[in-house]
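Each chain, letter by letter, is given below.
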Amino acid sequence: HHSAALAQLASRIGAVMRFGTATGQDPFAKVKELIQGLIAKLQAEAGSEATEKAYCDEQMAKTEEKKGELESDISKLSAKLDQSISKSAGLKSEVKELQAALA
């Protein structure tokens, strides 16, 4: 992407050098202007990319935090489920013993 911008800048500089000297204008002023324009454009793009990266980093941190919370909740609920299953098995065993005693 940047090499395309540099190639375009080189092409424009070449055109300015050829035609600027023919018209009597100072070609270096125009070249300087083109280079400054490209630098400004690249700095704006870099700023935009940095802002996007900061946003993505923030969202990833939030996602990781939420993932940790959810994994903790799963762990707690799994333990509670295991306890309930164990208690249920004990109660079923008790019911069978009581039914046998009644029979």
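Just above sits the structure.
Just so you know, these numbers come straight off a predicted model, no measurement behind them.

K.L.:
An account of the overall build of the protein is needed here, citing residue identities and associated values.
P.N.:
A count of helical and extended segments in the protein gives 2 helices and 0 strands. Taken over C-alpha atoms, the radius of gyration comes to 36 Å for the protein, far larger than the 13 Å a tight globule of 103 residues would show. Residues counted as buried form 9% of the 103 residues belonging to the protein. Of the roughly 8,600 Å² of accessible surface on the protein, a fraction of 61% belongs to carbon and sulfur atoms.

K.L.:
Describe the nonpolar core, listing the residues and the values that go with them.
P.N.:
Ranked by size, the top nonpolar core spans 6 residues in total: A5, L9, V16, V31, L34 and L38. At the level of secondary structure, the elements contributing two or more residues to this core comprise α1 (2-23) and α2 (27-102).

K.L.:
I'd like a rundown of the environment of C56, residues and numbers included.
P.N.:
As for its placement among the helices and strands, C56 is situated in helix α2. By relative accessible area, which is 36% here, C56 ends up partly exposed. Taking the C-alpha atoms as reference, C56 lies 26 Å from A5; in sequence the two are 51 residues apart.

K.L.:
Run through the environment of A15, naming residues and quoting values.
P.N.:
Inspection of the secondary structure assignment puts A15 in helix α1. Spatially, the C-alpha atom of A15 lies 20 Å from that of K41, the residues being 26 residues apart in sequence.

K.L.:
Please give an account of the pattern of salt bridges that cites residues and values.
P.N.:
Taken as a whole and assessed by the stated rule, the structure comprises 2 salt bridges. A salt bridge links K62 to E58; the shortest N-O distance between them is 3.2 Å. Note that K62 and E58 are positioned in helix α2 at a spacing of 4 residues, about one turn of the helix. Relative accessible area serves as the criterion here: at 46%, K62 is assigned to the partly exposed category. On the accessibility criterion, E58 (40% relative accessible area) is partly exposed.

So, how was this worked out
Residues numbered from 1 in each chain as written. Predicted model: local features only at pLDDT ≥ 70, side-chain atom pairs only at ≥ 80, totals over all residues. Heavy atoms only, no water. Helix = DSSP H or I, 4+ residues; strand = E, 2+ residues; numbered from the N terminus. Rg over C-alpha atoms; globule rule 2.2 N^0.38 Å. Buried < 20%, exposed > 50% of the residue type's maximum accessible area, 1.4 Å probe, protein only. Areas by Shrake-Rupley, 256 points an atom, 1.4 Å probe, with all protein chains shown as cover. Core = buried A, V, L, I, M, F, W, Y, C linked by side-chain atoms within 4.5 Å. Salt bridge = Lys/Arg side-chain N within 4 Å of Asp/Glu carboxyl O.

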